[in-house]
Amino acid sequence: MTIKSVTSPKPGKHAITFVFICVLLDMMGTGLIMPALPQLIQQVSGEGLSASSMWSGWLFFAYGGMQFLFSPLIGNLSDAYGRRPVLLLSLLGMAADYVLMAFAPTLAWLFIGRLASGFCGASYTTANALISDITAPENRAKAFGLMGAAFGIGFVIGPAIGGIAGEYGPRVPFFVAAALSAINLVYGYVVLPETLPREKRRPLSLARANPVGALKVFMQYPNVIPACIVEFFYYLSTSVYPAIWAFWGIARFGWSEIVIGLTLSAFGLFAAVVQGVLTGPVVKRFGEWNAVLIGLVATAIAAIGYGLAPGFITVLVLLVIHAPEGFIYPALTAMMSKQAPEDAQGELQGGVASLQNIAMLIGTVFFAQVFGYFTRPEAVISSPNVAFFISGLMGVGLLVYFVLCVPKPSRQAPGQ
(Lines give C-alpha, C1' and ligand atoms only; values in the text may rest on other atoms or scores of the structure.)
Protein backbone atom coordinates (compact mmCIF):
# COMPACT_ATOMS: atom_id res chain seq x y z
CA MET A 1 0.00 0.00 0.00
CA THR A 2 1.52 3.32 -1.08
CA ILE A 3 0.61 6.31 1.04
CA LYS A 4 1.05 9.58 -0.78
CA SER A 5 1.88 12.78 1.02
CA VAL A 6 -1.09 14.98 0.18
CA THR A 7 -0.59 18.54 1.32
CA SER A 8 -3.47 20.98 1.29
CA PRO A 9 -2.99 24.75 1.44
CA LYS A 10 -5.87 24.90 3.92
CA PRO A 11 -5.81 21.53 5.71
CA GLY A 12 -7.74 22.57 8.79
CA LYS A 13 -11.28 21.65 7.76
CA HIS A 14 -10.54 18.23 6.27
CA ALA A 15 -7.94 17.37 8.92
CA ILE A 16 -10.19 18.19 11.89
CA THR A 17 -13.10 16.33 10.28
CA PHE A 18 -10.98 13.26 9.64
CA VAL A 19 -9.46 13.17 13.13
CA PHE A 20 -12.92 13.56 14.63
CA ILE A 21 -14.26 10.65 12.56
CA CYS A 22 -11.06 8.67 13.15
CA VAL A 23 -11.41 8.97 16.92
CA LEU A 24 -15.16 8.34 16.68
CA LEU A 25 -14.78 5.08 14.74
CA ASP A 26 -11.81 3.93 16.79
CA MET A 27 -13.73 4.44 20.03
CA MET A 28 -16.75 2.71 18.53
CA GLY A 29 -14.45 -0.25 17.90
CA THR A 30 -13.12 -0.16 21.46
CA GLY A 31 -16.62 0.20 22.86
CA LEU A 32 -17.90 -2.63 20.72
CA ILE A 33 -15.62 -5.22 22.26
CA MET A 34 -15.89 -4.19 25.93
CA PRO A 35 -19.28 -5.77 26.75
CA ALA A 36 -18.22 -9.10 25.21
CA LEU A 37 -14.71 -9.25 26.65
CA PRO A 38 -15.54 -10.98 29.97
CA GLN A 39 -17.39 -13.76 28.15
CA LEU A 40 -14.64 -14.18 25.55
CA ILE A 41 -11.89 -14.38 28.20
CA GLN A 42 -13.86 -16.97 30.14
CA GLN A 43 -14.42 -18.91 26.90
CA VAL A 44 -10.78 -19.10 25.82
CA SER A 45 -9.29 -19.42 29.33
CA GLY A 46 -11.77 -21.78 30.94
CA GLU A 47 -11.64 -19.68 34.13
CA GLY A 48 -14.39 -18.14 36.26
CA LEU A 49 -15.21 -14.44 36.61
CA SER A 50 -12.65 -13.56 39.31
CA ALA A 51 -9.72 -15.22 37.55
CA SER A 52 -10.86 -13.88 34.17
CA SER A 53 -10.89 -10.34 35.53
CA MET A 54 -7.24 -10.77 36.52
CA TRP A 55 -6.41 -12.01 33.01
CA SER A 56 -8.25 -8.97 31.68
CA GLY A 57 -5.90 -6.74 33.68
CA TRP A 58 -2.88 -8.39 32.09
CA LEU A 59 -4.45 -8.03 28.65
CA PHE A 60 -4.74 -4.29 29.27
CA PHE A 61 -1.15 -4.37 30.52
CA ALA A 62 -0.08 -5.84 27.17
CA TYR A 63 -1.99 -3.11 25.35
CA GLY A 64 -0.64 -0.29 27.50
CA GLY A 65 2.88 -1.69 27.43
CA MET A 66 2.99 -1.50 23.66
CA GLN A 67 1.62 2.04 23.73
CA PHE A 68 4.30 3.01 26.23
CA LEU A 69 7.05 1.52 24.10
CA PHE A 70 5.90 2.92 20.78
CA SER A 71 4.02 6.19 21.43
CA PRO A 72 7.29 8.21 21.47
CA LEU A 73 8.42 6.57 18.25
CA ILE A 74 5.07 7.20 16.57
CA GLY A 75 5.10 10.86 17.67
CA ASN A 76 8.65 11.40 16.42
CA LEU A 77 7.94 9.59 13.15
CA SER A 78 5.09 12.01 12.56
CA ASP A 79 7.42 14.95 13.26
CA ALA A 80 9.87 13.56 10.69
CA TYR A 81 7.64 12.18 7.93
CA GLY A 82 4.29 13.89 8.45
CA ARG A 83 1.06 13.03 10.20
CA ARG A 84 -0.82 11.43 7.27
CA PRO A 85 1.26 8.28 6.57
CA VAL A 86 1.63 7.48 10.27
CA LEU A 87 -2.11 7.71 10.92
CA LEU A 88 -3.08 5.66 7.88
CA LEU A 89 -0.63 2.84 8.61
CA SER A 90 -1.89 2.70 12.19
CA LEU A 91 -5.47 2.34 10.96
CA LEU A 92 -4.45 -0.51 8.66
CA GLY A 93 -2.87 -2.30 11.61
CA MET A 94 -5.96 -1.83 13.78
CA ALA A 95 -8.25 -3.41 11.19
CA ALA A 96 -5.96 -6.44 10.88
CA ASP A 97 -5.71 -6.73 14.66
CA TYR A 98 -9.47 -6.92 15.24
CA VAL A 99 -9.70 -9.73 12.71
CA LEU A 100 -6.93 -11.59 14.53
CA MET A 101 -8.72 -11.24 17.88
CA ALA A 102 -12.03 -12.34 16.36
CA PHE A 103 -10.46 -15.68 15.42
CA ALA A 104 -8.32 -16.07 18.57
CA PRO A 105 -8.59 -19.74 19.67
CA THR A 106 -6.67 -19.35 22.94
CA LEU A 107 -5.79 -16.80 25.58
CA ALA A 108 -2.30 -16.52 24.08
CA TRP A 109 -3.77 -15.31 20.78
CA LEU A 110 -5.80 -12.69 22.64
CA PHE A 111 -2.55 -11.43 24.13
CA ILE A 112 -1.00 -11.25 20.66
CA GLY A 113 -4.00 -9.23 19.51
CA ARG A 114 -3.74 -6.84 22.44
CA LEU A 115 -0.03 -6.31 21.74
CA ALA A 116 -0.83 -5.41 18.14
CA SER A 117 -3.66 -3.11 19.26
CA GLY A 118 -1.32 -1.26 21.60
CA PHE A 119 1.18 -0.61 18.84
CA CYS A 120 -1.44 0.67 16.40
CA GLY A 121 -3.28 2.62 19.09
CA ALA A 122 -0.17 4.72 19.68
CA SER A 123 -1.36 6.85 16.73
CA TYR A 124 -3.31 9.06 19.15
CA THR A 125 -0.11 11.00 19.77
CA THR A 126 -0.06 11.82 16.06
CA ALA A 127 -3.72 12.86 16.09
CA ASN A 128 -3.03 15.25 18.96
CA ALA A 129 0.00 16.68 17.19
CA LEU A 130 -2.09 17.13 14.04
CA ILE A 131 -4.59 19.20 15.99
CA SER A 132 -1.74 21.33 17.34
CA ASP A 133 -0.52 21.85 13.75
CA ILE A 134 -3.70 23.53 12.59
CA THR A 135 -5.14 25.32 15.63
CA ALA A 136 -3.97 28.46 17.40
CA PRO A 137 -2.88 27.96 21.03
CA GLU A 138 -5.91 29.79 22.39
CA ASN A 139 -8.27 27.47 20.45
CA ARG A 140 -6.67 24.15 21.32
CA ALA A 141 -8.78 23.41 24.38
CA LYS A 142 -11.91 23.68 22.21
CA ALA A 143 -10.35 21.48 19.49
CA PHE A 144 -9.24 18.86 22.00
CA GLY A 145 -12.74 19.08 23.46
CA LEU A 146 -14.19 18.12 20.08
CA MET A 147 -11.88 15.12 20.00
CA GLY A 148 -13.09 14.24 23.48
CA ALA A 149 -16.62 14.51 22.17
CA ALA A 150 -15.72 11.99 19.47
CA PHE A 151 -14.58 9.67 22.25
CA GLY A 152 -17.92 10.17 23.95
CA ILE A 153 -20.04 9.68 20.84
CA GLY A 154 -18.02 6.58 19.99
CA PHE A 155 -18.88 5.24 23.41
CA VAL A 156 -22.55 6.04 22.87
CA ILE A 157 -22.78 4.03 19.68
CA GLY A 158 -20.07 1.37 20.11
CA PRO A 159 -21.06 -0.31 23.38
CA ALA A 160 -24.74 -0.29 22.45
CA ILE A 161 -23.97 -2.12 19.19
CA GLY A 162 -21.41 -4.30 20.97
CA GLY A 163 -23.91 -5.31 23.64
CA ILE A 164 -26.42 -6.37 20.99
CA ALA A 165 -23.80 -8.07 18.82
CA GLY A 166 -22.40 -9.86 21.86
CA GLU A 167 -25.73 -11.63 22.29
CA TYR A 168 -24.89 -13.50 19.06
CA GLY A 169 -21.50 -14.57 20.40
CA PRO A 170 -18.50 -12.89 22.02
CA ARG A 171 -16.54 -12.83 18.75
CA VAL A 172 -19.10 -11.00 16.63
CA PRO A 173 -18.26 -7.51 17.99
CA PHE A 174 -14.63 -7.95 16.91
CA PHE A 175 -15.68 -8.48 13.29
CA VAL A 176 -17.80 -5.33 13.44
CA ALA A 177 -14.87 -3.39 14.93
CA ALA A 178 -12.60 -4.60 12.12
CA ALA A 179 -15.09 -3.35 9.53
CA LEU A 180 -15.22 0.08 11.17
CA SER A 181 -11.41 0.37 11.14
CA ALA A 182 -11.34 -0.58 7.45
CA ILE A 183 -13.95 2.09 6.63
CA ASN A 184 -11.92 4.64 8.60
CA LEU A 185 -8.78 3.72 6.65
CA VAL A 186 -10.47 4.18 3.27
CA TYR A 187 -12.00 7.50 4.34
CA GLY A 188 -8.67 8.81 5.59
CA TYR A 189 -6.82 7.73 2.46
CA VAL A 190 -9.28 9.73 0.34
CA VAL A 191 -9.67 12.95 2.35
CA LEU A 192 -6.83 13.37 4.87
CA PRO A 193 -4.33 16.09 3.89
CA GLU A 194 -0.85 16.46 5.33
CA THR A 195 -0.78 19.13 8.04
CA LEU A 196 2.96 19.33 8.76
CA PRO A 197 4.83 21.11 5.92
CA ARG A 198 8.23 19.71 4.97
CA GLU A 199 10.02 22.85 6.15
CA LYS A 200 8.70 22.28 9.69
CA ARG A 201 9.80 18.64 9.92
CA ARG A 202 12.92 17.43 11.64
CA PRO A 203 15.07 14.32 11.22
CA LEU A 204 14.08 11.24 13.18
CA SER A 205 16.22 10.68 16.26
CA LEU A 206 15.90 7.25 17.85
CA ALA A 207 17.47 8.64 21.01
CA ARG A 208 14.49 10.97 21.33
CA ALA A 209 12.02 8.24 20.33
CA ASN A 210 12.72 5.68 23.05
CA PRO A 211 10.23 5.48 25.95
CA VAL A 212 12.64 6.72 28.61
CA GLY A 213 14.17 9.34 26.34
CA ALA A 214 10.70 10.67 25.54
CA LEU A 215 10.29 11.64 29.18
CA LYS A 216 13.28 13.97 28.85
CA VAL A 217 11.06 16.39 26.96
CA PHE A 218 9.67 17.43 30.33
CA MET A 219 13.11 18.58 31.43
CA GLN A 220 13.18 20.96 28.47
CA TYR A 221 9.83 22.46 29.47
CA PRO A 222 9.73 22.26 33.30
CA ASN A 223 6.45 24.18 33.55
CA VAL A 224 4.75 21.10 32.11
CA ILE A 225 5.83 18.81 34.96
CA PRO A 226 3.12 19.65 37.58
CA ALA A 227 0.38 19.22 34.98
CA CYS A 228 1.97 15.94 33.87
CA ILE A 229 1.88 14.65 37.44
CA VAL A 230 -1.84 15.42 37.50
CA GLU A 231 -2.28 13.64 34.17
CA PHE A 232 -0.36 10.60 35.42
CA PHE A 233 -2.39 10.11 38.60
CA TYR A 234 -5.63 10.94 36.84
CA TYR A 235 -5.08 8.09 34.40
CA LEU A 236 -3.85 5.86 37.22
CA SER A 237 -6.99 6.34 39.31
CA THR A 238 -9.46 6.20 36.42
CA SER A 239 -7.95 3.05 34.94
CA VAL A 240 -10.34 1.29 37.31
CA TYR A 241 -13.07 1.69 34.67
CA PRO A 242 -11.53 -0.18 31.72
CA ALA A 243 -10.05 -2.65 34.19
CA ILE A 244 -13.23 -3.79 35.94
CA TRP A 245 -16.41 -2.05 34.75
CA ALA A 246 -17.86 -4.98 32.80
CA PHE A 247 -16.75 -7.51 35.43
CA TRP A 248 -18.07 -5.28 38.24
CA GLY A 249 -21.47 -4.96 36.55
CA ILE A 250 -21.74 -8.74 36.26
CA ALA A 251 -20.56 -9.46 39.82
CA ARG A 252 -22.44 -6.61 41.54
CA PHE A 253 -25.73 -6.51 39.63
CA GLY A 254 -25.75 -9.50 37.27
CA TRP A 255 -25.71 -7.27 34.17
CA SER A 256 -25.92 -8.83 30.71
CA GLU A 257 -23.82 -7.71 27.73
CA ILE A 258 -26.66 -5.41 26.65
CA VAL A 259 -26.89 -3.68 30.04
CA ILE A 260 -23.09 -3.28 30.19
CA GLY A 261 -23.23 -1.74 26.74
CA LEU A 262 -26.05 0.61 27.74
CA THR A 263 -24.20 1.92 30.79
CA LEU A 264 -21.10 2.55 28.71
CA SER A 265 -23.26 4.23 26.08
CA ALA A 266 -24.87 6.45 28.70
CA PHE A 267 -21.47 7.57 29.94
CA GLY A 268 -20.39 8.23 26.37
CA LEU A 269 -23.49 10.35 25.77
CA PHE A 270 -22.92 12.48 28.85
CA ALA A 271 -19.20 12.82 28.07
CA ALA A 272 -19.96 13.89 24.49
CA VAL A 273 -22.27 16.66 25.71
CA VAL A 274 -19.73 17.87 28.24
CA GLN A 275 -16.69 17.77 25.96
CA GLY A 276 -18.24 18.75 22.66
CA VAL A 277 -20.71 21.37 23.86
CA LEU A 278 -19.51 22.65 27.21
CA THR A 279 -15.69 22.55 27.08
CA GLY A 280 -15.31 25.65 24.91
CA PRO A 281 -17.74 27.84 26.90
CA VAL A 282 -16.48 26.61 30.27
CA VAL A 283 -12.83 27.22 29.37
CA LYS A 284 -13.68 30.62 27.93
CA ARG A 285 -15.64 31.61 31.03
CA PHE A 286 -13.59 30.04 33.81
CA GLY A 287 -10.21 29.19 32.22
CA GLU A 288 -8.46 25.88 31.66
CA TRP A 289 -7.25 25.54 35.27
CA ASN A 290 -10.75 25.82 36.71
CA ALA A 291 -12.11 23.42 34.10
CA VAL A 292 -9.60 20.80 35.27
CA LEU A 293 -10.59 21.49 38.88
CA ILE A 294 -14.27 20.85 38.12
CA GLY A 295 -13.36 17.60 36.39
CA LEU A 296 -11.25 16.36 39.29
CA VAL A 297 -14.06 16.99 41.78
CA ALA A 298 -16.46 15.00 39.61
CA THR A 299 -13.91 12.19 39.28
CA ALA A 300 -13.51 11.70 43.03
CA ILE A 301 -17.25 11.87 43.78
CA ALA A 302 -18.16 9.42 41.03
CA ALA A 303 -15.64 6.72 41.97
CA ILE A 304 -16.74 6.62 45.60
CA GLY A 305 -20.36 6.78 44.50
CA TYR A 306 -20.09 3.71 42.28
CA GLY A 307 -18.73 1.77 45.23
CA LEU A 308 -21.81 2.72 47.25
CA ALA A 309 -24.41 2.41 44.46
CA PRO A 310 -27.31 0.07 45.38
CA GLY A 311 -28.68 -0.35 41.87
CA PHE A 312 -28.93 0.59 38.20
CA ILE A 313 -30.76 3.91 38.69
CA THR A 314 -28.10 5.18 41.08
CA VAL A 315 -25.41 4.22 38.59
CA LEU A 316 -27.18 6.29 35.91
CA VAL A 317 -27.32 9.31 38.23
CA LEU A 318 -23.62 8.92 39.00
CA LEU A 319 -22.83 8.77 35.28
CA VAL A 320 -24.29 12.29 34.99
CA ILE A 321 -22.25 13.50 37.98
CA HIS A 322 -19.19 11.82 36.49
CA ALA A 323 -19.49 13.55 33.10
CA PRO A 324 -17.56 16.80 33.94
CA GLU A 325 -14.47 14.60 34.21
CA GLY A 326 -14.44 15.19 30.45
CA PHE A 327 -13.04 18.69 31.02
CA ILE A 328 -9.75 17.29 32.31
CA TYR A 329 -8.28 15.90 29.09
CA PRO A 330 -8.85 18.86 26.72
CA ALA A 331 -8.08 21.57 29.27
CA LEU A 332 -4.97 19.91 30.67
CA THR A 333 -3.70 19.00 27.20
CA ALA A 334 -4.17 22.58 26.04
CA MET A 335 -2.29 23.88 29.10
CA MET A 336 0.66 21.62 28.36
CA SER A 337 0.70 22.25 24.60
CA LYS A 338 1.32 25.95 25.20
CA GLN A 339 4.63 25.17 26.90
CA ALA A 340 6.36 23.71 23.81
CA PRO A 341 7.25 25.13 20.36
CA GLU A 342 5.31 24.12 17.25
CA ASP A 343 7.99 21.72 15.94
CA ALA A 344 8.01 19.77 19.21
CA GLN A 345 4.29 19.11 19.61
CA GLY A 346 4.64 15.51 18.43
CA GLU A 347 7.50 14.90 20.84
CA LEU A 348 5.60 16.50 23.72
CA GLN A 349 2.46 14.51 23.00
CA GLY A 350 4.60 11.37 22.78
CA GLY A 351 6.05 12.07 26.21
CA VAL A 352 2.61 12.78 27.66
CA ALA A 353 1.26 9.59 26.09
CA SER A 354 4.13 7.66 27.68
CA LEU A 355 3.13 8.97 31.10
CA GLN A 356 -0.49 8.06 30.43
CA ASN A 357 0.47 4.57 29.38
CA ILE A 358 2.69 3.99 32.41
CA ALA A 359 -0.26 5.00 34.57
CA MET A 360 -2.58 2.66 32.68
CA LEU A 361 -0.02 -0.15 32.89
CA ILE A 362 0.08 0.12 36.64
CA GLY A 363 -3.56 0.97 37.19
CA THR A 364 -5.30 -1.63 35.07
CA VAL A 365 -3.26 -4.49 36.48
CA PHE A 366 -3.61 -3.18 40.03
CA PHE A 367 -7.37 -2.65 39.94
CA ALA A 368 -7.99 -5.93 38.09
CA GLN A 369 -6.04 -7.82 40.74
CA VAL A 370 -7.86 -5.95 43.53
CA PHE A 371 -11.21 -6.83 41.99
CA GLY A 372 -10.21 -10.44 41.39
CA TYR A 373 -8.90 -10.86 44.94
CA PHE A 374 -11.89 -9.31 46.71
CA THR A 375 -14.47 -11.23 44.65
CA ARG A 376 -13.03 -14.63 45.55
CA PRO A 377 -15.25 -16.60 47.95
CA GLU A 378 -12.31 -17.13 50.32
CA ALA A 379 -11.43 -13.40 50.56
CA VAL A 380 -11.52 -11.92 54.08
CA ILE A 381 -13.70 -9.11 52.70
CA SER A 382 -15.74 -10.28 49.73
CA SER A 383 -16.88 -7.24 47.75
CA PRO A 384 -16.68 -6.09 44.12
CA ASN A 385 -16.61 -2.44 45.25
CA VAL A 386 -13.19 -2.17 46.90
CA ALA A 387 -11.42 -1.03 43.75
CA PHE A 388 -13.79 1.94 43.37
CA PHE A 389 -13.18 3.06 46.95
CA ILE A 390 -9.42 2.99 46.34
CA SER A 391 -9.86 4.95 43.11
CA GLY A 392 -11.99 7.54 44.89
CA LEU A 393 -9.40 8.09 47.62
CA MET A 394 -6.73 8.52 44.96
CA GLY A 395 -8.96 11.09 43.26
CA VAL A 396 -9.29 13.09 46.48
CA GLY A 397 -5.51 13.12 46.93
CA LEU A 398 -5.03 14.24 43.32
CA LEU A 399 -7.51 17.07 43.77
CA VAL A 400 -5.54 18.37 46.76
CA TYR A 401 -2.26 18.16 44.82
CA PHE A 402 -3.70 20.05 41.87
CA VAL A 403 -4.97 22.91 44.00
CA LEU A 404 -1.70 23.23 45.91
CA CYS A 405 0.91 22.53 43.23
CA VAL A 406 -0.37 23.44 39.75
CA PRO A 407 -0.33 27.23 39.23
CA LYS A 408 -2.97 28.91 37.13
CA PRO A 409 -1.77 29.79 33.59
CA SER A 410 -1.86 33.50 34.36
CA ARG A 411 1.01 32.91 36.79
CA GLN A 412 3.08 31.04 34.24
CA ALA A 413 5.48 32.31 31.64
CA PRO A 414 4.40 30.51 28.46
CA GLY A 415 7.08 28.77 26.50
CA GLN A 416 9.44 28.24 29.42
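If you're wondering where the values come from, they're calculated on a predicted model, not measured in any experiment. (Residues numbered from 1 in each chain as written. Predicted model: local features only at pLDDT ≥ 70, side-chain atom pairs only at ≥ 80, totals over all residues. Heavy atoms only, no water.)

## Some words on the overall build of the protein
Then comes step 1: Counting its regular elements, the protein contains 19 helices and zero strands.
Then comes step 2: Partitioning the contacts of the protein with sequence separation of at least 6, the portion at a separation of at least 24 is 86%.
Then comes step 3: Within the structure as shown, the protein displays about 16,100 Å² of accessible surface, and the carbon and sulfur contribution to it stands at 72%. (Helix = DSSP H or I, 4+ residues; strand = E, 2+ residues; numbered from the N terminus. Contact = heavy atoms within 4.5 Å. Areas by Shrake-Rupley, 256 points an atom, 1.4 Å probe, with all protein chains shown as cover.)

## Some points on empty space enclosed by the protein
Then comes step 1: Going through the model one piece at a time under the given rule, you end up with three cavities of 30 Å³ or more.
Then comes step 2: Of the voids in this model, the second largest cavity is the one considered here, and its volume is about 70 Å³.
Then comes step 3: In terms of lining residues, the second largest cavity is bounded by Met34, Leu37, Pro38, Ser56, Phe60, Tyr241, Pro242, Ala243, Ile244, Trp245, Ala246 and Phe247.
Then comes step 4: Elements with a contribution of two residues or more to the lining of the second largest cavity: helix 2 (37-45), helix 3 (49-81) and helix 13 (240-253).
Then comes step 5: The greatest single-element share of the lining of the second largest cavity, amounting to seven residues, is contributed by helix 13.
Then comes step 6: Classifying every residue of the lining of the second largest cavity by side-chain character gives 11 nonpolar, one polar and no charged. (1 Å grid on protein atoms, 1.4 Å probe; cavity = no way out; pocket = protein on both sides within 12 Å on 5 of 7 lines; lining within 4 Å. Points joined across faces, edges and corners; volume = space filled by probe spheres on them. Nonpolar A, V, L, I, M, F, W, Y, C, P; charged D, E, K, R; others polar.)

## Remarks on the side chain of Thr279
Then comes step 1: Inspection of the secondary structure puts Thr279 in helix 14 (residues 257-286).
Then comes step 2: Each residue touching Thr279, except ones within four places of it in the same chain, is listed here: Ala141, Gly145, Val274, Phe327 and Pro330.

## Structural notes on the pattern of salt bridges
Then comes step 1: According to the stated counting rule, one finds one salt bridge in the structure shown.
Then comes step 2: Between Arg376 and Glu378 there is a salt bridge; the shortest N-O distance is 3.7 Å.
Then comes step 3: Given a relative accessible area of 28%, Arg376 falls into the partly exposed group.
Then comes step 4: Using a relative accessible area of 55% as the deciding quantity, one classes Glu378 as exposed. (Salt bridge = Lys/Arg side-chain N within 4 Å of Asp/Glu carboxyl O. Buried < 20%, exposed > 50% of the residue type's maximum accessible area, 1.4 Å probe, protein only.)

## Observations concerning a nonpolar patch on the surface
Then comes step 1: A cluster of nonpolar side chains, Ile153, Ile157, Ile161, Ile164, Tyr168, Val172, Val176, Ile258 and Leu262, forms an exposed patch at the surface whose accessible area comes to about 730 Å².
Then comes step 2: Taken together, the elements giving at least two residues each to the nonpolar patch come down to helix 7 (140-166), helix 8 (172-191) and helix 14.
Then comes step 3: Sorting elements by how many residues they give to the nonpolar patch places helix 7 first, with four residues.
Then comes step 4: You can see Ile157 is positioned in helix 7. (Patch = residues over 30% accessible without salt bridge, like charges linked within 9 Å, V, L, I, M, F, W, Y side chains within 5 Å.)

## As for the packing of helix 15 (residues 288-308) against helix 17 (residues 328-337)
Then comes step 1: Packing of helix 15 against helix 17 brings their axes to within 8 Å, and their N-to-C directions diverge by 145°. For the pair helix 15 and helix 17, the sense of crossing is left-handed. Residues Glu288, Trp289, Ala291, Val292, Gly295, Leu296 and Thr299 of helix 15 lie in contact with helix 17, whose contacting residues are Ile328, Ala331, Leu332, Ala334 and Met335.
Then comes step 2: Classifying every residue of the contact of helix 15 with helix 17 gives nine nonpolar, two polar and one charged. (Axes fitted to C-alpha atoms, helices over the stretch in contact; angles between N-to-C directions. Left-handed = near helix turned anticlockwise from the far one by under 90°.)

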